[in-house]
Amino acid sequence: MDIRTLRHLASPEGKALLREAESGFGVETEFALGSRLRRDHAPELVAAALTQVRLRRRATAKFHPADAARMFLTVDGYEQATRATVASHRARRLADRRPGGRLLDLCCGIGGDLIELARAGLTVTGVEMDELTAEAARLNIAALDLTGRAGVLTGDAARHDRSGYDAVVCDPARRTARGRIFDPDAYQPPWSFVLELLDGDACVKVAPGIPHDRVPAGAEAEWVSDNGEVKEAAIWSGELASGCRRRATVLRGGAGPGSVTAGPGSGTAGSSAAAHMATLTDADDPGDPRVHAPGRFLYEPDGAVIRAGLVTAVAAMTDGWLLDSSIAYVSADTHLSTPFARAYEVTEVLPYDVKALRRYVRAHDIGSLTIKKRGVEVTPEELRRSLRPKGSRTATLVVTRAGRRTIVLVATPL
Ligand SMILES: C[S@@+](CC[C@H](N)C(=O)[O-])C[C@H]1O[C@@H](n2cnc3c(N)ncnc32)[C@H](O)[C@@H]1O
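Residues numbered from 1 in each chain as written. Predicted model: local features only at pLDDT ≥ 70, side-chain atom pairs only at ≥ 80, totals over all residues. Heavy atoms only, no water.

Draft legend 1. Local environment of the packing of aromatic side chains. Considering all chains together, one arrives at two aromatic pairs under this definition. For lysine 62, the ring lying beneath its charged end belongs to tyrosine 78, and the centroid distance is 4.9 Å. Cation over ring: arginine 374 sits above tyrosine 329, and NZ or CZ is 4.7 Å from the ring centre. (Phe/Tyr/Trp six-rings, centres within 6.5 Å; stacked < 30°, edge-to-face > 60°. Lys NZ or Arg CZ within 6 Å of the ring centre and 35° of its normal.)

Here's what the structure looks like:
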């Protein structure tokens, strides 16, 4: 889609066409719908409208459905946008530190972060280099009634004057036409620019795999998961950092993206009807874990906790230990319900012996088998095939290592 077509789509004619395309979508075949719409509208506009309807439907996975239905999306812009739950969490953190402040959102894309920053009561200027993407962000601000709170400039973030703002947010591009970029030096703008920003009061979004030694002294790295999936890491610097070095924040939404109400704080949790948030930091982490044989319960830490290197904080809160010093499972004799880990009751500990396991599966009438593994060279699909489960009951097997031994825990999710 070019910028002229995007603007046409946002015109009264384009909006009427989008409504028609939306109501016919899934009712008529796409071929019939397209042919009908092309009777009254230019073919390229109809093609753009049908793509937009498709994208808006897909976008309900990331944005509030009511927003997705009004937004203007590009494929690249949508794929790179921050999901609403995560953007809302970041925006609230910023609004807590800089209530009503003026913020600069560098590399604002189609406005995933920008929208939530404006909604959190901040006044935001977005800077985006790509003209089409910047135009989509402007249209989104208008479509979501945020004009007056947010604006977007087309330009190079690295050249934008940062004076006069209370804080800077930056979400560098981490993919090219060839795929994702894992090396921070290849981000756009590059890491050298990120370091310049982190010299002041900034929050920079980075990939979850960011090596810990890339986090500058005095800054805080926060790993965020949403409904159990790690979504991003963000580095907070200057007065925006909270004093810790590593933080894991766990968001759990309801049926779809929703706003998160709790502010950050060590080991704290908050909730609203839409989502829950809990956060854990290195202040909760005694480090130096005990390593011991399996106890009655097993905890599988959330991905954000693992990325933040806080598995030992989960061991401390559950009064537990590790089965192996290098594997992210916690074992304990006490059961605690925690947002930072999934808990299982361990009913058996077996040696890793396929024949013996097959006998176990047959003897226990197991037909549906969930196999989890960590720290061992086992392919769950192959193991499941070898165990030939044919019974009527379900079971979870956790294959892992305890020192040099490979063991299998039969575990029931709690
Ligand atoms: C990861 S996306 C931002 C997504 C955004 N936070 C959101 O939630 O929608 C990165 C964006 O940075 C833009 N970009 C890359 N280099 C830039 C630069 N030097 N100046 C401004 N924008 C840039 C890309 O065009 C892309 O839209």
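Further notes follow.
Draft legend 2. Local environment of the sheet that holds strand 18 (residues 393-402). The sheet built from seven strands is open, its strands ordered 14-15-13-16-19-18-17 with mixed pairing. Pairing within the sheet leaves two strands with one partner each, and these edge strands are strand 14 (321-322) and strand 17 (366-373). For strand 13 (residues 297-301) and strand 15 (residues 330-332), the ladder comprises three bridges, and the chain directions are antiparallel. Of the residues in strand 15, the one forming a bridge with tyrosine 299 is valine 330. Strand contacts of helix 13 (residues 354-363): strand 16 (341-351), strand 17 and strand 19 (405-413), with the helix running at about 110° to strand 16, the strand carrying the most contacts. Helix-sheet contacts for helix 14 (residues 380-387) involve strand 17 and strand 18, and the interaxial angle to strand 17 is about 150°. (Pairing = 2+ DSSP bridges. Helix = DSSP H or I, 4+ residues; strand = E, 2+ residues; numbered from the N terminus. Contact = heavy atoms within 4.5 Å. Axes fitted to C-alpha atoms, helices over the stretch in contact; angles between N-to-C directions.)

Draft legend 3. Layout of the confidence of the model for the chain. Across the chain, the average pLDDT comes to 92, with 95% of residues at or above 70. Residue range residues 255-266 is modelled with pLDDT below 50. Its contacts to residues more than four positions away, or to other chains, number 44 contacts. Across residues 268-274 the pLDDT falls below 50, and counting only partners more than four positions away or on other chains, this stretch makes 19 contacts in the model. (pLDDT = per-residue confidence, 0-100.)

Draft legend 4. Inspection of helix 14 at higher detail. Every buried residue of helix 14 is accounted for by Pro380, Leu383 and Leu387. For helix 14, the angular spread of buried residues about the axis comes to 65°, placing them on one side. Each element contacted by the buried residues of helix 14 is listed here: helix 13, strand 17 and strand 18. Positive backbone phi, approximately 45°, marks arginine 388, located one or two places after helix 14. (Buried < 20%, exposed > 50% of the residue type's maximum accessible area, 1.4 Å probe, protein only. Arc of directions from axis to C-beta.)

Draft legend 5. The arrangement of the pattern of salt bridges in detail. Taken as a whole and assessed by the stated rule, the structure comprises 32 salt bridges. For arginine 138, the salt bridge goes to glutamate 135, with nearest N and O atoms at 2.8 Å. Here the residue arginine 138 and the residue glutamate 135 both occupy positions in helix 9 (residues 131-143), the gap between them amounting to three residues, near one helical turn. Of the residues examined, arginine 138 reaches a relative accessible area of 28% and is grouped as partly exposed. A network of salt bridges, in which partner residues are shared, links Arg90, Asp113, Asp171, Arg174, Lys205 and Glu232. (Salt bridge = Lys/Arg side-chain N within 4 Å of Asp/Glu carboxyl O.)

Draft legend 6. Structural context of the site of the ligand. Neighbouring residues of the ligand: 22 residues in total, closest Thr82, Glu128, Asp156, Ala157 and Asp171. Cysteine 108 places a polar main-chain atom, nitrogen or oxygen, 3.5 Å from an oxygen atom of the ligand. Within the backbone of glycine 112, one N or O atom sits 2.9 Å away from an oxygen atom of the ligand. In the complex, the protein chains occlude 93% of the 600 Å² of accessible area that the ligand would expose alone. For the shell around the ligand, the class distribution of residues is nine nonpolar, eight polar and five charged. (Near = heavy atom within 4 Å. Polar contact = N/O pair within 3.5 Å; in protein donor to acceptor, adjacent residues only side chain to side chain. Areas by Shrake-Rupley, 256 points an atom, 1.4 Å probe, with all protein chains shown as cover. Nonpolar A, V, L, I, M, F, W, Y, C, P; charged D, E, K, R; others polar.)

Draft legend 7. Broad picture of helix 2 (residues 12-24). Taking 1.5 Å as the rise per residue, helix 2 with 13 residues should run 18 Å; its terminal C-alpha atoms sit 19 Å apart, in good agreement. All of the buried residues in helix 2 are Gly14, Leu17, Leu18, Ala21 and Gly24. With its buried residues spanning 135° around the axis, helix 2 presents them on a single face. In helix 2, the exposed positions angled more than 90 degrees off the buried face are occupied by Pro12, Arg19 and Ser23. (Expected span 1.5 Å × (residues − 1).)

Draft legend 8. Examining the domain arrangement of the chain more closely. Under the domain assignment, the chain is made up of domain 1 (3-57), domain 2 (78-283) and domain 3 (297-413). Here domain 2 and domain 3 have C-alpha centroids that lie 35 Å from each other. Facing the 19 residues of domain 2 at the interface are 13 residues of domain 3. Carbon and sulfur atoms supply 72% of the area buried between domain 2 and domain 3, which totals about 1200 Å² over both sides. For the domain 2 face of the interface with domain 3, the top three residues by lost area are Arg246, Val250 and Leu280, together amounting to 38%. Joining domain 2 to domain 3, the criterion identifies one salt bridge. A salt bridge links aspartate 302 to arginine 252, with the nearest nitrogen and oxygen atoms 3.9 Å apart. Every element with two or more residues in the side of domain 2 that touches domain 3 is listed here: strand 8 (220-226), strand 10 (246-253) and strand 12 (275-281). The greatest single-element share of the side of domain 2 that touches domain 3, amounting to six residues, is contributed by strand 10. Across the side of domain 2 that touches domain 3, the residue classes tally to eight nonpolar, seven polar and four charged. (Domains from an automatic or database assignment. Buried area = accessible area lost by both parts, 1.4 Å probe.)

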